[in-house]
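Descriptive structure summary
The primary structure of each chain is shown beneath.
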Protein chains: 2
Amino acid sequence: MAVQSLPPGQRPPGHPDLLSPIFWRDGRVVMIDQRRLPDAELWNSYDSWQDVARAIADLEVRGAPAIGCAGAFAAALAAGQASTAASLRVILRQIAETRPTAVNLGAAVHRMANALASGRDPVREAQAIWDDDLAACRAIGAHGAALLPDEGTVLTHCNAGALATAGFGTALGVIRAAIAAGKRLRVLCDETRPFLQGARLTAWELAQDGISAEVIVDGAAAHFMGTGEIVAAVVGADRIARNGDCANKIGTLGVAASAAFFNVPFYVAAPHTTVDVGTATGAKIPIEQRAAEEITQFGARRVVPVNAGVRNPVFDVTPARLVKAIITETGVFQGPYGF
Amino acid sequence: MAVQSLPPGQRPPGHPDLLSPIFWRDGRVVMIDQRRLPDAELWNSYDSWQDVARAIADLEVRGAPAIGCAGAFAAALAAGQASTAASLRVILRQIAETRPTAVNLGAAVHRMANALASGRDPVREAQAIWDDDLAACRAIGAHGAALLPDEGTVLTHCNAGALATAGFGTALGVIRAAIAAGKRLRVLCDETRPFLQGARLTAWELAQDGISAEVIVDGAAAHFMGTGEIVAAVVGADRIARNGDCANKIGTLGVAASAAFFNVPFYVAAPHTTVDVGTATGAKIPIEQRAAEEITQFGARRVVPVNAGVRNPVFDVTPARLVKAIITETGVFQGPYGF
């Protein structure tokens, strides 16, 4: 494991042209430690699948499509490490189960398993998964840009940006494409408790691109809808059920309900691989529960009394009827959904 | 200024029978420093109006009714400190304007000014304001308890508890009274960003009373409504307009919109003094904006990039049509409201 802390804005050797949180270079997986952003830009490079799996589990890399890329690269490393086909199968299952909610991880590992079974080169297959994700993000941006008004404030929750994908982003890809097309948009970023992806990641990557970004507490989203400032909400998804129910970072459902109340259009942007045709409705999507410490600790300080409990589901499911459209690389879908 | 750090659960001399965050004793205002909870129980005692006004501004004491008590005690101290009636009037105005959103502060200071003008004893009048608030909370509890189901999980946002009042609480008073009446209720506490009153204060004071309290991030409220776990939401209010629009801590509006979507009854509990008959609708309620640092800093760490902005309104306004009932000490009101 090589660790490299770079000055703000500087990228490691081999980094693609646009901001990418994870890429393959010379037999290693290179990724930015997203837990350390925005105050440190620390790039790690790994040559074992175990390191990459740990990085997924520890949220060093996060965002459903980026986790898919990480899983693909981990599988490519595992293909070189495993001594037998049987042990490789066990490893692939372990990688796929590192995190439960996003469907992209399982889908990417499944695609890698198929490629390996067909004798295709695992590194080329993993890179193809990465390339496909970037292309999907650009196509999502092109389709979604048309839906946003010519000016105003767009709300987003969590980080469905370059940092959550191979690059460009899904929800933020839509905003980037709209701005590139000349629309005058500014972004309100929900800080996104408990892990603060909106404050730490979304505001950081938008500022890198010179896009106006302001951070609000999650509870303020409804307020800015009520004042009429927000013209649209765009978020990503970790898994979309066949009926259009969308699992995404905890807090998304409240944004969607508030948007419905104030007639603000609420869009989900995600690659088509996020649709899990094996899941009929959102009720079947497993919701990851994470450690209580994400809530009990505020920096060094304990802010929840020791004799109180904590519940920490980190995803929720937005029912399809609250979603005005799902923007994918193959086009824009509207309800009733039937993937 | 005397500062006294007490062991957990121990109360300073003269403390009332039930938990009270602020009370008068021997010519001094005694208050618990709510910024230090739950990890330290620090009681301060002040004998100058300036100290009390600073404590209000710095959120050492918070919660609309408790701020009203603090303003009353500050006015009583000012009556002893001011050299002329004219200077006292100036001071009273300063005290009333220490925080802008809660109506109780202005109302309490106004009542003190009237008492002084009629030659009544200022300390007795301030104590009467405190006594009235405690009595109102108990009556609110009695009226509201009947509205809650016999068992289940109740959601609350911010702290409308003993710590926000002379004692017993408004929203938490309803829950306390229901439990005292034999209902089997547990409480989910929104942590309430940015100041974490739900995590630090609500969970703390419920745990003190042996009531089951679990803390969730604000964004998880809608999730637990969607799962069907939450049977009712009860919050306080900082100002209620004549038409029933309710200003309360930022995030309340999103809770109310989510509750409407999931058909969860949403109640506001507040003393009648919270109704501002001089304010026709919520649109006229001033919304306090607080420092960006409440959002940019997570403990010692800066979590918002330096080139991103922050918006920090700390109250929002829930339209009356989202409020199933407003519970006051004089009874339960339902829309259309016309106070």
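This one's a predicted model, so the numbers in the text were calculated from it and none came from an experiment.

1. Here's the deal with the pattern of salt bridges
All names here are of chain A. Applying the stated criterion across every chain, the model contains 42 salt bridges over all chains. Across the pair Glu-205 and Arg-176 runs a salt bridge, and its minimum N-O distance is 2.8 Å. Here Glu-205, found in helix 7 (residues 197-208), pairs with Arg-176, found in helix 6 (residues 171-180); they are 29 residues apart in sequence, far enough to count as distant. Comparing Glu-205 with Arg-176 shows no difference in burial state: the two are buried. Note that Arg-290 is salt-bridged to Glu-288, the shortest N-O span being 2.8 Å. A residue is classified by how much of its surface remains accessible, and Arg-290, at 22% relative accessible area, is partly exposed. Here Glu-288 falls in the buried class, since its relative accessible area comes to 9%. One network of salt bridges, with partners in common, ties together Asp-33, Arg-35, Arg-54, Asp-58 and Glu-60.

2. Some remarks on the relation of the copies chain B and chain A
By a simple turn and slide, chain B fits onto chain A: the slide is 0.0 Å along the axis, the RMSD is 0.0 Å, and the turn is 180 degrees. In symmetry terms, the pair is related by a two-fold rotation axis. Residues of chain B ranked by C-alpha distance from the rotation axis are headed by B:Gly299, positioned 2.2 Å from it. By residue overlap, the copies meet face to face through one surface: 100% of the interface positions of chain B are interface positions in chain A.

3. Here's the deal with the sheet that holds strand 5 (residues 151-156) of chain B
On the basis of which strands lie adjacent, the open sheet formed by 8 strands has the order 14(A)-7(B)-6(B)-5(B)-8(B)-11(B)-16(B)-17(B) and mixed pairing. Each of the sheet's edge strands pairs with one partner strand only, and the pair in question is strand 14 (309-310) of chain A together with strand 17 (331-333) of chain B. With 3 bridges connecting them, strand 16 (residues 325-328) of chain B and strand 17 of chain B associate as antiparallel partners. From the neighbouring strand, B:Ile327 faces strand 17 of chain B, where its bridge partner is B:Val332. Sheet strands touched by helix 5 (residues 122-145) of chain B: strand 11 (266-269), strand 16 and strand 17 of chain B. Its angle to strand 16 of chain B, the strand with the most contacts, is close to 140 degrees.

4. Describing the domain arrangement of chain A
Interfaces are frequently sized by the accessible area removed from exposure as the parts join. Residues and elements named next belong to chain A. The domain boundaries assigned to chain A delineate domain 1 (2-135) and domain 2 (143-333). Counting from both sides, the interface comprises 30 residues of domain 1 and, opposite them, 31 residues of domain 2. With both chains or domains summed, domain 1 and domain 2 bury close to 2500 Å², and 58% of this area falls on carbon and sulfur atoms. Three residues stand out in domain 1 for area buried against domain 2, namely Leu-19, Arg-62 and Thr-101, and they jointly supply 26% of the buried area on that side. At the junction of domain 1 with domain 2, the criterion picks out 1 salt bridge. Put simply, Glu-288 and Arg-99 hold a salt bridge, and the shortest N to O gap is 3.1 Å. Joining domain 1 to domain 2, the criterion identifies 18 residue pairs in polar contact (both at pLDDT 80 or more). Secondary structure elements with two or more residues in the side of domain 1 that touches domain 2: helix 2 (64-81), helix 4 (103-117) and helix 5 (122-145). The element that contributes the greatest number of residues to the side of domain 1 that touches domain 2 is helix 2, accounting for 4 residues. Its residues placed into classes, the side of domain 1 that touches domain 2 shows 17 nonpolar, 6 polar and 7 charged.

5. Describing the sheet that holds strand 9 (residues 239-240) of chain B
Working definition: the strands of a sheet are paired by backbone hydrogen bonds and lie parallel or antiparallel to each other. Residues and elements named next belong to chain B. Taken in spatial order, the 3 strands of this open sheet run 9-10-15, and their pairing is antiparallel. The open sheet terminates on both sides in strands that have one partner only, identified here as strand 9 and strand 15 (315-318). In this structure, strand 9 lies alongside strand 10 (residues 246-249), joined through 2 bridges in antiparallel fashion. Bridge pairing links Ile-240 to Cys-246 in strand 10.

6. Brief notes about the confidence of the model for chain A
On average, chain A scores 96 in pLDDT, and the residues at 70 or more come to 99%. Our summary of model confidence lists the complex with pTM equal to 0.95 and ipTM equal to 0.94.

7. A look at the pairing of strand 7 (residues 213-216) of chain B
Burial along strand 7 of chain B is two-sided: the residues B:Ala213 and B:Val215 and B:Glu214 and B:Ile216 are all buried. Summarising the sheet, strand 14 of chain A and strand 7 of chain B pair through 2 bridges and their orientation is parallel. Residue pairing in the sheet places A:Gly309 in a bridge with B:Glu214 of strand 7 of chain B. Here 4 bridges tie strand 6 (residues 184-190) of chain B to strand 7 of chain B, and the two strands are oriented parallel to one another. Residue B:Leu188 lies in a different strand from strand 7 of chain B, and its bridge partner there is B:Glu214. Handedness of the crossover joining strand 6 of chain B and strand 7 of chain B through helix 7 (residues 197-208) of chain B is recorded here as right-handed.

About the cut-offs
Residues numbered from 1 in each chain as written. Chains lettered and ligands numbered in written order. Predicted model: local features only at pLDDT ≥ 70, side-chain atom pairs only at ≥ 80, totals over all residues. Heavy atoms only, no water. Salt bridge = Lys/Arg side-chain N within 4 Å of Asp/Glu carboxyl O. Helix = DSSP H or I, 4+ residues; strand = E, 2+ residues; numbered from the N terminus. Buried < 20%, exposed > 50% of the residue type's maximum accessible area, 1.4 Å probe, protein only. Least-squares fit on C-alpha atoms with pLDDT ≥ 70 in both. Contact = heavy atoms within 4.5 Å. Pairing = 2+ DSSP bridges. Axes fitted to C-alpha atoms, helices over the stretch in contact; angles between N-to-C directions. Domains from an automatic or database assignment. Buried area = accessible area lost by both parts, 1.4 Å probe. Polar contact = N/O pair within 3.5 Å; in protein donor to acceptor, adjacent residues only side chain to side chain. Nonpolar A, V, L, I, M, F, W, Y, C, P; charged D, E, K, R; others polar. pLDDT = per-residue confidence, 0-100. Right-handed = clockwise from strand over helix to strand, strands pointing away.

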